[in-house]
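Here is what each chain is made of, one letter per residue.
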Amino acid sequence: HDLPPQMKKDLLVLSAVKTSTLHFSSQDTVTISNRSKMRNNSPAGENLATNGLPFPWSKVRLPSYIVPVHYHLLIHPNLTTLRFNGSVKIEIDVKNNTNWVVLHSKNLKIFTATVLDEHEAHLSDKVLSVLEYPSHEQIAIFSPKILTSGEKYFLYLEFGAPLSDGFYGFYKSTYKTKAGETRVLASTHFEPTSARMALPCFDEPIFKANYTVRIRRGPSHIALSNMPLEQTVEIGNGLFEDQFEVSVRMSSYLLAFIVCDFRSVSGMTITIYAVPEKWHQTHYALEAALRLLEFYEQYFNILYPLPKLDLIAIPDFQAGAMENWGLTTYRETSLLYDPDISSASDKLWVTMVIGHELAHQWFGNLVTMEWWNDIWLNEGFARYMEFVSLEAVYPELKVDHFLDTCFGAIGRDSLNSSRPISSLAENPAQIEEMFDTVSYDKGACILHMLRNFLTNEGFQSGIIRYLHRFKYSNARNEDLWDSLIKVYLKKMMYTWTLQKGIPLITVKRQGRKLYIGQERFLKIVLPDDPSCYLWHIPLTYKTSHSDYEMKHILTTKSDVLTLDEEVDWVKLNSDMNGYYIVHYDEEGWNALTELLRINHTALSFKDRASLIHNAFQLVTAGRLSLNRALDLIGYLKSETHNVPLLQGLGYLQSFYKMIEKRNIADITHNLKTYILQYFRDVIDKQSWSDDGMVSDRRLREEVLSLACDFDYPPCLEKAKHLYNSWVESNGAISLPTDVSETVYMVGAQDDSGWAYLLEKYGVSMCETEKSKFLSALASSKDSEKLSRLLQLGMDGTLIKTQNLPSLIYLVAKNPVGHFLAWDFVKKHWDELVEKFPLGSFGIRNIIVGTVTQFSSTEELREVENFFKSITEQVSELRVIQVATENVEKNIMWLSRNLETMRTWLQQRLN
């Protein structure tokens, strides 16, 4: 599944887990404490079912000797009692003789189970016993008659359960009409391991099968599934049964069905569904989906394999979106677009999420990874194709923030707590944690590096080969490299997917010789860090005298390159197309700093942005002094491109936020003064409108938000004026969309303004607008108001539960709210884990969003003590390490750089 609504990137603090790319997700995992209790109560090595009998299978993964071929599913959700009943007849192939069928089932009550022969006659007169083994989410059915290898059988089960409360399995969602009436719908979210909550099934990606779905519903609802409706039959009692066409072969996590009362808009094979009163917000999505689908059919050279594609906005949804084949589901903010309310960034977001989910229809759905250790094959690819598709289809959107994706990945990958792209994951919590910045963002960045290395044509033809070779089946990491043909490629790519971390290239120039070396780049070096990392790196470089890019593959620890002539400067990693950081010697940095000062356009905007990024990363790692990096960005006064500008500004702002939280008054004041003085021209140049290209509009949004946050008087005056006119019109006038959030933030600072926004939040019919209101409400400097918001989020009525993780993060990054948010998380930990299971995006975002605001040894100790107290639950979670390591990084940054910052600012301001 895909990414949640964006939160502004906090470059330093949250570079570990760039929030805009973390993903919200869903599935309840048996907590580790429960698991160990189960183990302790059973005799050594024996797995006991819930009735005390031995369970015939001991592994988390299902046996491979029974393979599902075709599921015939009937499902009937009751939207009044909030329960569902169903039956499934699964055609199975038996590979070895056996008496047992083991499959997945979770929180389902199984009413009857029988095994039928190929003529659908009962194999046994008795009702078969079903053993349940909840810690592996498995059930086993015993057949008195042996199931013979090579024969065809049917497994028939009847089952029922309450509609799930969370965001996974077959769950209930609600929305309010304008008139205030609450309506209920039922929808599914199965990836990665929750299909088993809606029907007993073989819930692993390798078990691809066909699905024939029938859904029962009342007359005022519609039913949707992956395939088009074949026919509707009236079955009495005011009930209808919708029967859908047989699906193509697919994995269980892609099955989907929904019963709702939505309205739709259609064009060609595509239909967009939403809550009836939000129907007018669906039109942009239809246009984008049609254009993007056409692009993918041409790019992959394979027609979209299904007769229809639906995109539906679900009112309660944890992820950003989910690629169920033919029925893609979205959070409302990821699909709906209201031209009067949505900003340029909001439009870009919707377009990118649609681009991501549509890429999955081929990459993920048509060809699926064999197991979750290779989930990056799905997610890294879809993340990368967002950029490739938008560049081709919407060149006017100027999607120039791919670098941010790689910067986000580097933030996580330069810590010890990172992991290889391809990593072991066995149980549901571990699988869930694989949907992270390493799979999505690092995955996308190494694919980008590979595409630049192979050329666009070479990359595309390899991808087409791969899709044709593995369509309707499963693939592994190495299958992709094999399809890309070049013999040495596999060896090279293994160095990027099977070991963690990012390389640092060191460069020393002497005359015409470049002495280069590689090592692992780490922000915090622990004594036992192995130095045995070695990558095969496709290096690129430019010099003051070169007309084109030079290339060299570095496969050893060090090497020497000889230039054709003496040069003034050399810049490695052209346009940052490679996934590595570069550290020059003193002369090298001096030459580049001077180049930026006198003629910055000699380098591309991507080269300029990556130099700024690399310099500040090296400062954090203690390899470059802070004043060197600050001198490097001295040229930004004359920078006109928004990417390097926001890169430099982003670092300064993140330092400010961290120092402000430490209450270091003189530096806080001086840094704020410096930023406002230095960037005053850029700030004053911004108009309070929606004019200009998308990139100009995104710059305006960021810069004015910063200026008002820093209490810049002209900014505050203008925002207050706009806010007051908006309130006087009772919200009837439209504010310029790019600045509306800033206007609300300024308005929220007094009691009446805050109360008015909360009231507006309750009645708004646009989720994008509500997210802007929520940001503003959470920016209040009154801690009682912040506590009230957190309580409302916990309560889940006015502020939906799906928005609680981002609300906690918003409060935590408010200087008045960071302890408040952390105390809230500790106090409500058990309830939070019930709402957002361990490993899920929600819980990871809550942990990272609160913990990474800290930067002192006392705070670190306090965080570690809390995690120790719940160690049974979180011992297997990687995110705890990621979060605490970020605090250590913040502590080191302050101890190394505070004095330098103080002196540097005094010199600049005097």
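If you're wondering where the values come from, they're calculated on a predicted model, not measured in any experiment.

Turning to the sheet that holds strand β10 (residues 210-217), a few remarks are in order. With mixed pairing, 7 strands are arranged side by side in an open sheet as β4-β7-β2-β1-β10-β13-β12. Each having just a single partner strand, β4 (109-116) and β12 (229-236) make up the two edges of the open sheet. On average, each strand axis in the sheet is inclined to that of its neighbour by 15°, with strand direction left out of account. One ladder, built from 11 bridges, connects strand β2 (residues 83-94) with strand β7 (residues 152-162); its direction is antiparallel. Each residue of the ladder has a partner; that of G86, found in β7, is F159.

Each disulfide is one covalent bond, formed between the sulfur atoms of two cysteines. For the coordinates displayed, the defined rule picks out 2 disulfides. Between the sulfur atoms of C406 and its disulfide partner C445 the distance amounts to 2.1 Å. Here the S-S torsion is close to -110°, and the disulfide linking C406 with C445 is therefore left-handed. Of this pair, C406 sits in helix α6 (residues 402-413) while C445 sits in helix α8 (residues 437-454); the two residues are 39 residues apart in sequence, bridging distant segments of the chain. For C406, a relative accessible area of 4% puts it in the buried group. Residue classification places C445 among the buried positions, given a relative accessible area of 2%. Here C708 is linked by a disulfide to C715, with a sulfur-sulfur distance of 2.1 Å. Across the S-S bond linking C708 and C715, the dihedral sits near -100°, which makes this disulfide left-handed. A relative accessible area of 6% means that C708 is categorised as buried. Indicated for the protein chain is the disulfide connectivity 1-2, 3-4, based on numbering the bonded cysteines in sequence order. The cysteine C766 is free of any disulfide, with C260 supplying the nearest cysteine sulfur at 19 Å.

Bringing the environment of I146 into the picture now. Inspection of the secondary structure puts I146 in strand β6 (residues 138-147). Once the C-alpha coordinates of I146 and Q881 are considered, the two residues, 735 residues apart in sequence, prove to be 49 Å apart. The contacts of I146, once residues within four sequence positions are left out, are N97, T98, N99 and Y153.

With that settled, the discussion passes to the nonpolar core. Residues F202, I354, L480, F679 and W829 are the most contacted members of the largest nonpolar core, which totals 312 residues. Not counting chain neighbours up to four residues away, the residues in contact with F202 comprise L62, I66, P68, Y71, I90, I92, V101, V102, L103, H104, F207 and S252.

Moving on, we come to the UniProt feature "binding site: Zn(2+)" (unreviewed entry) in the protein chain. Under the feature "binding site: Zn(2+)" (unreviewed entry), the UniProt entry names H356, H360 and E379. Spatial clustering of the annotated residues is evident: they stretch over 24 residues in sequence, but the largest pairwise C-alpha distance comes to 8.6 Å. Here H360 is in contact with E323, N365, N378, E379 and A382, once residues within four sequence places are set aside.

Relative to the 22 Å expected for 16 residues at 1.5 Å per residue, helix α18 (residues 694-709) spans 23 Å between its end C-alpha atoms, a close match to the ideal helical length. A large share of α18 lies buried, amounting to 13 of its 16 residues. Looking one or two residues beyond α18, the residue adopting positive phi is D711, at roughly 60°.

Moving on: the packing of aromatic side chains. A complete count under the given rule lists 54 aromatic pairs for this structure. Residues F55 and Y133 carry aromatic rings whose centres are separated by 5.1 Å and whose planes lie at 25° to one another, so their mutual orientation is stacked. Of the two residues, F55 sits in the loop between α1 (32-41) and β1 (66-78) while Y133 sits in strand β5 (residues 130-133), which places them 78 residues apart along the sequence. Side by side, F55 and Y133 carry an identical accessibility label, which is buried. Between the NZ or CZ atom of R263 and the centre of the ring of W279, over which it lies, the distance is 4.1 Å. Sitting over the face of the ring of Y394, R291 holds its NZ or CZ atom 4.3 Å from the ring centroid.

The rules behind these values
Residues numbered from 1 in each chain as written. Predicted model: local features only at pLDDT ≥ 70, side-chain atom pairs only at ≥ 80, totals over all residues. Heavy atoms only, no water. Pairing = 2+ DSSP bridges. Helix = DSSP H or I, 4+ residues; strand = E, 2+ residues; numbered from the N terminus. Axes fitted to C-alpha atoms, helices over the stretch in contact; angles between N-to-C directions. Disulfide = S-S within 2.5 Å. Buried < 20%, exposed > 50% of the residue type's maximum accessible area, 1.4 Å probe, protein only. Contact = heavy atoms within 4.5 Å. Core = buried A, V, L, I, M, F, W, Y, C linked by side-chain atoms within 4.5 Å. UniProt positions renumbered as here; feature names shortened; annotations may be inferred. Expected span 1.5 Å × (residues − 1). Phe/Tyr/Trp six-rings, centres within 6.5 Å; stacked < 30°, edge-to-face > 60°. Lys NZ or Arg CZ within 6 Å of the ring centre and 35° of its normal.

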